[in-house]
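Survey of secondary and tertiary structure
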Amino acid sequence: MIHSLFLINTAGDLFLEKHWKSVISRSVCDYFFEAREKAVEPDNVPPVIPTPHHYLITIYREKIFFVSVIQTEVPPLFVIEFLHRVAETFQDYFGECSETTIKDNVVIVYELLEEMLDNGFPLATESNILKELIRPPTILRSMVNTITGSSNVGETLPTGQLSSIPWRRAGVKYTNNEAYFDVVEEIDAILDKSGTTVFAEIQGVIDACVKLSGMPDLTLSFMNPRLLDDVSFHPCVRYKRWESERVISFIPPDGNFQLMSYHISAQNLVAIPIYVKQNISFFETGSSGRLDITVGPKQTMGKTVECLVVTIHMPKVVLSANLNATQGTYNYDPVTKILLWDIGKLNPQKLPNLKGSLSLQSGAPKPEENPSLNIDLKIQQLAISGLKVNRLDMYGEKYKPFKGVKYVTKAGKFQVRT
Amino acid sequence: MPYFGSEEMVKELKRALSNPHVQSDRLRYKNYITKVIRYMTQGLDVSSLFMDMVKASATVDIVQKKLVYLYMCTYASDKPDLALLAINTLRKDCADPNPMVRGLALRNMCNFRMPGMTEYIEQPIVAALRDKASYVRRVAVLGCAKMHSLQPNTEIDGRIVNELYALLRDPDPVVVVNCLRALEEILKDEGGVVINKPIAHHLLNRMKELDSWAQSEVLNFLLRYHPRSDDELFDILSLLDSFLQSSHAHVVVSTLRLFLHLASAHRAVQADALLRTSAPLLATCSAVSRELRFAGLCHVQQVMRSQPGLFATHYKRFFCGYSEPSYIKFRKMEILVELVNDENVSLVLEELRSYCTDVSPELAQAAIAAIGRIARTYSEKCLDILTGLLALKQDHITSAVIQTFRDLVWFCPQSTAAVCQTVEAGVDRPQDSEGKQALLWLLGAHGDQMGSAPYVMEGYIDGLKTELSSTVKMELLTATVKMFLCRPAETQDMLGRLLHYCIEEESDVCVRDRALLYYRLLQRGAEETRRVVTGPKSDPSMSVLTGRQEEPISEWASTFNTLGPLAGRDSCPQTDAISAADQPSYSAGEELLPGSEDVTLSGPGDTEEEISLSLGAPLSHESFEKMWLDLEILHRQALGVSRPRTAPDTLQASLQLEKIQTLAFTPADTVPWKAYIYTRSTGTLILAELLQGATDESLVLSVKQQPVNQHAIRRFVSVLKSVLQTLNLE
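Scoring rules and cut-offs
- Residues numbered from 1 in each chain as written.
- Chains lettered and ligands numbered in written order.
- Predicted model: local features only at pLDDT ≥ 70, side-chain atom pairs only at ≥ 80, totals over all residues.
- Heavy atoms only, no water.
- UniProt positions renumbered as here; feature names shortened; annotations may be inferred.
- Contact = heavy atoms within 4.5 Å.
- Salt bridge = Lys/Arg side-chain N within 4 Å of Asp/Glu carboxyl O.
- Polar contact = N/O pair within 3.5 Å; in protein donor to acceptor, adjacent residues only side chain to side chain.
- Helix = DSSP H or I, 4+ residues; strand = E, 2+ residues; numbered from the N terminus.
- Nonpolar A, V, L, I, M, F, W, Y, C, P; charged D, E, K, R; others polar.
- Pairing = 2+ DSSP bridges.
- Axes fitted to C-alpha atoms, helices over the stretch in contact; angles between N-to-C directions.
- 1 Å grid on protein atoms, 1.4 Å probe; cavity = no way out; pocket = protein on both sides within 12 Å on 5 of 7 lines; lining within 4 Å.
- Points joined across faces, edges and corners; volume = space filled by probe spheres on them.
- Core = buried A, V, L, I, M, F, W, Y, C linked by side-chain atoms within 4.5 Å.
- Buried < 20%, exposed > 50% of the residue type's maximum accessible area, 1.4 Å probe, protein only.

The name an unreviewed UniProt entry assigns to chain B is AP complex subunit beta, from the organism Carassius auratus. Its UniProt record, at the heading Subcellular location (unreviewed entry), says of chain B: "Endomembrane system".

Under an unreviewed UniProt entry, the name given to chain A is AP-3 complex subunit mu-1, and the source organism is Carassius auratus. Check the Sequence similarities (unreviewed entry) section of the UniProt entry for chain A; it says "Belongs to the adaptor complexes medium subunit family." Listed in UniProt under the heading Function (unreviewed entry), the comment for chain A reads: "Part of the AP-3 complex, an adaptor-related complex which is not clathrin-associated. The complex is associated with the Golgi region as well as more peripheral structures. It facilitates the budding of vesicles from the Golgi membrane and may be directly involved in trafficking to lysosomes."

Here it is in structure tokens:
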């Protein structure tokens, strides 16, 4: 299925290769480099590149291209999802998935790739099971290993593979039994010039961190489950019960996992937490322009908007910006043409404002289109859709666990047009 | 990759690895081995250390073993004689009490890609197939496939194949799937693994235990199984039902493909499956990963070929974000064009308009072309936008708009007058050759409606010497000749100059030949030339036939969830294993045999009785067109009813209720209005055209039929009449 994998950085250096069947020459990557050159931006490299004898399926993540070589017909989504799983596993093991960490941990990377695929077929990809086969590196452990000379490979076989529930190993024991859930919602929205919503939807996930002994059977219910119409669950969730009773009933995997993800696309349900008043204009003569942006709270349900950042991609002819921010700091990078205004906390009494002039290349014509604003923000203790967890019950075990739910709302692809 | 001083480095490593002091210090020894692997992965040739590395494999440290195995697998094919030395160690490890070591050794032994390995690995593999640890069995099963690929042309070992078929019942789900994978590779020449009824049901029952990757693969294998009866079919479908809502997009899509394939005779089931997967598909279209989003969009695009309405209400999901990569934006625009309907058209156009000023010229041009496609149905609104874009006076935009105008005039002649007016009112001359050609074509084809056309043309003829593109010159020749035919007085002089230049001074042979051709043609007289050059103009109903059309699901189901649609071209590279067995086979003739399934409904004797109409298999546009052209009109009559003033959808739906399928009809306000419909009855296929001319109110019906059956026609006419009358009453 997946014949070979090449890891390539943005500079075009191939820094890791792995072949699961016969060795395929690196020259196959020339087709990738050709497409890379044509795409200009690394983002624009098409995910599927046909070559005379192979297909190359590529994902671009954390400034690394994962280029897989395919020789037989395969479902494309399968390969793309698998490559993302590889990247996630690296992230899980090394804290981040970057060229440096991969190079530093090259031995573990090879061990992982060897266990994840055999003969080109996915084998063990659940992080729980992998971690029993190959222990992740930690500073403490690598020190202990250095002193004692012991290895970071599990001596026993993962038991989870044999238990009747594939995602949970048998005989889990904790002194503190705890179950935490994070409800994370991202708002994807496009607002037009006048502030009207062109498009808005919420992408939500519930991440769980469950450290419970034995075989607990959990039931999670919501105050307002009707909100959710487009959901997908971790395989552990009993779908039939969700369909009939709208509760989430499951035997959880051990550790961190994503319990469910959902979309809310009905626009009347999507509250837009802030409004942006902006005016960016360029003068016909004099090679200059004016910028005036004010941000204010709209539907925040009484919570504070934090980590507010406004990013503007300026037209190429903008040379510099001479602005004045009433709150936060701004920075204009003349090379990438990105104006970044880091506001921080939004104070509803004193609205932050950024105002001033832009100077353009002299003699250049007035830019045709106005740049659009990308907004980044965070609201703690609020799920903007109004979703609320009602209660969490545990059956099957006798102890009393600690339980907790946190809510956070973030901006996803949040864009304001000018 | 030649590294500077690499030889020195290898020598130093060799010295260190063979140093007994280092060998006795486990930690230092391992560090050197790690170093070797690091160089190897950077592409440095460290194969000369092979002997030293083989020695290092005799250790209890699993990580060190793994590293050495990795090294050996890489260089075994270069040093086959030395690799044989390593095999002994590996075979010993295959009998280790630790299952991890057993599995590891076996896997790496199978990965030695060198000839002659088979005799060493066969015995351990066969033994490991019965190992009590599932981890080892998993490795052994795939090992069978690797062993086969080492000597691809030998006869298949029946013993191993039987063993693998037996292991399909293994308690470990991964072993089961690995068996399928291995059998598939071993039996490739015989069409892959055979899925019979017991195997199919066994796999179906174990689906829930498998991980998502395995589920997806098993679903693909199940495409080969054909249920014997409808009961069995529905049993299978209900088992698979929950996978349509899986949290993994690849499982959803694989399940959908299987549904479409299995239920190919049950259109309602197919439609239901598509409806239920629309939510997960849409979710994939807005996934965090841009590659997943792209793949999701490609799949949505395929589904829309049959069900354009399915995603219509979600059109806003296909608006492009600012930071999205261009390959996603292109797909989204293609989808938006297909989604347009009466309600959302103005919003979609507004959105597309904002893309027209994108910084990337390719994207801007694609957006303009998209508006042009929508203009075939909603000409007025689109023409306003396109005209507005001309005012921006941007070169690439102007050029794209003019090209769009040209296509629009051809596909949708109703808009000719408006386009001519805009072009007449003043258009910048496009600078690229594509744009020039488009402008010249417009001037030539519709010069009679543009007063200033000859003067624009003259500008081009005067600048001929500096024109580089020969295609532009050829277009100029054709356009000038056409113009001459409708406005000879103004054009004669410049045509003369043009022909003179092209024949006497032009160096490009094609242009010269074209000029000579026109010259000789003109010598035969103007009438003769007119007959040849100005052929029939395009047909107003053309936009209907080339416009949006609902294809049967079988058209695309076979390529659903494959790489073809994502790669953006139909032909696949010559991958060796895209076997016929992998694709569900569709006999091409199947749907074209009209009424073959209806023959049994009523015998030839009882034609006097009530004849019923039926829908049967859907007819593709191509086959309809072909038959329409081939057959004679059997029956023509004025129906005496006028065209119902209801929405096109209502008309289509009510006809379908009476088992009459609508293939295509012209937009409501076009004159003449036409509709093409068909139906089946008692082994005959009836094709019909409804026509409403400019003057008379009544519809004229023309019927063609194959094979001829007058009773059926009479029945058809009466049904049709009653439908139309009912609609008119409402």
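So, next bit.
Facing the 88 residues of chain A at the interface are 95 residues of chain B. Our count for the chain A to chain B interface comes out at eight salt bridges. Among the salt bridges present, the one from Lys66(B) reaches Glu111(A), with a minimum N-O distance of 3.1 Å. On inspection of chain A and its partner chain B, the count reaches 19 residue pairs in polar contact (both at pLDDT 80 or more). Per element, the largest residue contribution to the side of chain A that touches chain B is eight residues, and it comes from helix α2 (residues 76-94) of chain A. Residue classes in the side of chain A that touches chain B are distributed as 39 nonpolar, 29 polar and 20 charged.

Here we take up the sheet that holds strand β17 (residues 318-325) of chain A. All names here are of chain A. With antiparallel pairing, the four strands of this open sheet are ordered in space as β14-β15-β20-β17. Every other strand in the sheet has two partners, leaving β14 (274-282) and β17 as the edge strands with one partner each. Here the average twist between neighbouring strands, direction ignored, is 15°. In the sheet, strand β15 (residues 288-297) pairs with strand β20 (residues 353-360) via seven bridges, with the strands oriented antiparallel. Within β20, the residue paired with arginine 290 across the bridge is serine 357.

All told, the structure shown has three cavities of 30 Å³ or more when counted by the stated rule. Contributing to the lining of the largest cavity are Val107(A), Tyr110(A), Glu111(A), Glu114(A), Lys66(B), Leu67(B), Leu70(B), Leu104(B) and Asn108(B). Every element with two or more residues in the lining of the largest cavity is listed here: α4 (106-116) of chain A together with α5 (62-75) and α7 (99-111) of chain B. Per-element tally for the lining of the largest cavity: the top contributor is α4(A), with four residues. Classifying every residue of the lining of the largest cavity by side-chain character gives five nonpolar, one polar and three charged.

Turning our eyes to something else, we now look at the side chain of Arg487(B). Tracing the sequence through the fold places Arg487(B) in the loop between α26 (470-486) and α27 (488-504). Residues within four places of Arg487(B) in sequence aside, it is in contact with Gly447(B), Asp448(B), Met450(B), Gly451(B), Ala453(B) and Pro454(B).

The tendency in soluble globular proteins is for nonpolar side chains to be buried side by side. In terms of nonpolar packing, the biggest core is built from 251 residues, with Phe90(A) and Tyr71(B) touching the most fellow members. Of the residues forming this core, the biggest block, 11 residues, is contributed by α2(A). Sequence-distant contacts of Tyr71(B), that is, excluding residues within four places in its chain, are made with Val36(B), Ile37(B), Met40(B), Val46(B), Ser47(B), Ser48(B), Leu49(B), Phe50(B) and Met53(B). In this structure, Leu212(A), Ile293(A), Val310(A) and Ile312(A) belong to the second largest nonpolar core, which totals 72 residues.

Before going further, it helps to spend a moment on the pairing of β14(A). All names here are of chain A. Covered by surrounding structure in β14 are Ile274, Val276, Gln278, Ile280 and Phe282 only, the residues Tyr275, Lys277, Asn279 and Ser281 on the alternate face being uncovered. Of the strand pairs in this sheet, β14 and β15 are connected by nine bridges, and their pairing is antiparallel. Within β15, the residue paired with glutamine 278 across the bridge is isoleucine 293. Between the antiparallel neighbours β14 and β15 lie five residues, among them glycine 286 with a positive phi of about 90°.

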